[in-house]
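Okay, here's what each chain looks like letter by letter:
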Amino acid sequence: MATLRSIRILMIRRRMLLMCLAAIIGLFLIKRFMMDKEPHHKTTKKKGLYNLMEETPNMSKHVKDCTIEYANEHKLQQDHPCLLDIIRRQYLNKPSPADVPLYLDYPNIKDQSAGQVTAVLRLLRNLTKGFFIESGAADGESFSNSLFLERDMNWTGLLIEPEPKSYGDLAKRNRKSWTLQNCLSLEKYPTEVSFEKTEITGKIIGNKVSQSELSAGKLANVQCLPLYSILLAHGQTWVDFFSLDVEGHELQVLKTIPWHKVNITVVAVEWEHVEEGYYAIVDYMKEQGYVNFGRIATPYARDVVFIKDFLDDLRYDYIDYDE
């Protein structure tokens, strides 16, 4: 009798085990079937250090005749692949090799700037291996706001100078930074303009002029590029120091920059020749989240220095209800 009961218990246990196994297999098959029914999604790549290209909606990536003439005529937007490709192919010039010595007229002068470099290093706590943009780089030595940073602090960057004679001298310096013989566009697209051929103080005059006007020798037609386009073409939107000296068009250049897509820590702007005035620049930069560090005034420079306000998103209007 006991043996028969043991056999029945064993059979019941075996039946329960088989039912459990069947249930598990059934659940597995149902889950597999549901997964097969779901659409497959591509894995989203983790964002890199630099915010490279954010393509404009409905923007054609492919242009049959990708030339600078096409880019100017069609006012290609700052992040258009055609424009970026043109900049890489035609305008970005590589730095001089590290083993080639600098060719300077006054190698014993450590800092040629009028105080901008001191301000930058004070704000950035003597940062080494930083990245700069110097627009209005002149001959790459005289009154340079970047030479000391490159030579003594191991920085690199972008040197932008449209004036033909000045750029020719710059190219001979063997600087360890990328160079462009262009002006910064006053619009959010590339333009070709007439440029006054005056060393140090050369500036944009107006629209492109005819060959007969160029023959007088005082003007040159120069290609202007948006700063953001240059940064995208170079593959870098994180900038430690931006020096802007374009003889009166500084505010217009600043207004072309999509500030939410770049990270620029310190900005030095020459304000003396800006038609809208010093306070127009200060107000605009405040709107972009920058703090006015102060003005630099010497016989050779009238600059205002800004630093990015890293606490801007934490500020709020406080009302003391107890008063």
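Structure report, in brief. What you see is a predicted model; the values in this text were computed from it and never measured.

## A look at the overall build of the protein chain
For the protein chain, the count of helices and strands is 10 helices and 11 strands. Within the span of the protein chain, comprising 323 residues, buried residues form 42% of the whole. Considering only contacts within the protein chain whose residues lie at least 6 apart along the sequence, 70% involve residues at least 24 apart. Just so you have it, the protein chain exposes about 19,900 Å², and 55% of that area is on carbon and sulfur atoms.

## A closer look at the packing of aromatic side chains
Under the defined criterion, the tally for this structure stands at three aromatic pairs. Ring geometry for Trp-271 against Tyr-278: centres 5.4 Å apart, planes inclined by 65°, an arrangement best described as edge-to-face. The class for Trp-271 is buried, based on a relative accessible area of 18%. Owing to a relative accessible area of 10%, Tyr-278 belongs among the buried residues under this scheme. Taken together, Trp-271, Tyr-278 and Tyr-279 form an aromatic cluster joined through their ring pairs. Across the ring face of Trp-271, the terminal group of Arg-295 is positioned such that the distance to the ring centre comes to 5.6 Å. Across the ring face of Tyr-278, the terminal group of Arg-295 is positioned such that the distance to the ring centre comes to 4.0 Å.

## Thoughts on the environment of Leu-102
Here Leu-102 is to be found in the loop between α3 (81-91) and α4 (116-123). Excluding its chain neighbours within four sequence positions, the residues that come into contact with Leu-102 are Leu-147, Glu-150, Arg-151, Arg-173, Asn-174, Arg-175 and Lys-176.

## Section: the state of the cysteines
Applying the stated criterion to the full structure yields two disulfides. At a sulfur-sulfur separation of 2.2 Å, the disulfide partner of Cys-66 is Cys-82. Taking the sign of the S-S torsion, 115° for the link of Cys-66 and Cys-82, the bridge is right-handed. Of the two residues, Cys-66 is situated in the loop between α1 (2-37) and α2 (68-73) and Cys-82 in helix α3; the sequence distance between them amounts to 16 residues.

## Details of the sheet that holds strand β1 (residues 131-135)
Taken together, seven strands build an open sheet; the order of strands is β3-β2-β1-β8-β9-β11-β10 and the sheet is mixed. At either end of the open sheet lies a strand with only one pairing partner, and these are β3 (178-180) and β10 (290-298). In this sheet, neighbouring strand axes are inclined to one another by 15° on average, regardless of whether the strands run parallel or antiparallel. With three bridges connecting them, strand β2 (residues 156-160) and β3 associate as parallel partners. Residue Leu-159 lies in a different strand from β3, and its bridge partner there is Thr-179.

What counts as what
- Residues numbered from 1 in each chain as written.
- Predicted model: local features only at pLDDT ≥ 70, side-chain atom pairs only at ≥ 80, totals over all residues.
- Heavy atoms only, no water.
- Helix = DSSP H or I, 4+ residues; strand = E, 2+ residues; numbered from the N terminus.
- Buried < 20%, exposed > 50% of the residue type's maximum accessible area, 1.4 Å probe, protein only.
- Contact = heavy atoms within 4.5 Å.
- Areas by Shrake-Rupley, 256 points an atom, 1.4 Å probe, with all protein chains shown as cover.
- Phe/Tyr/Trp six-rings, centres within 6.5 Å; stacked < 30°, edge-to-face > 60°.
- Lys NZ or Arg CZ within 6 Å of the ring centre and 35° of its normal.
- Disulfide = S-S within 2.5 Å.
- Pairing = 2+ DSSP bridges.
- Axes fitted to C-alpha atoms, helices over the stretch in contact; angles between N-to-C directions.

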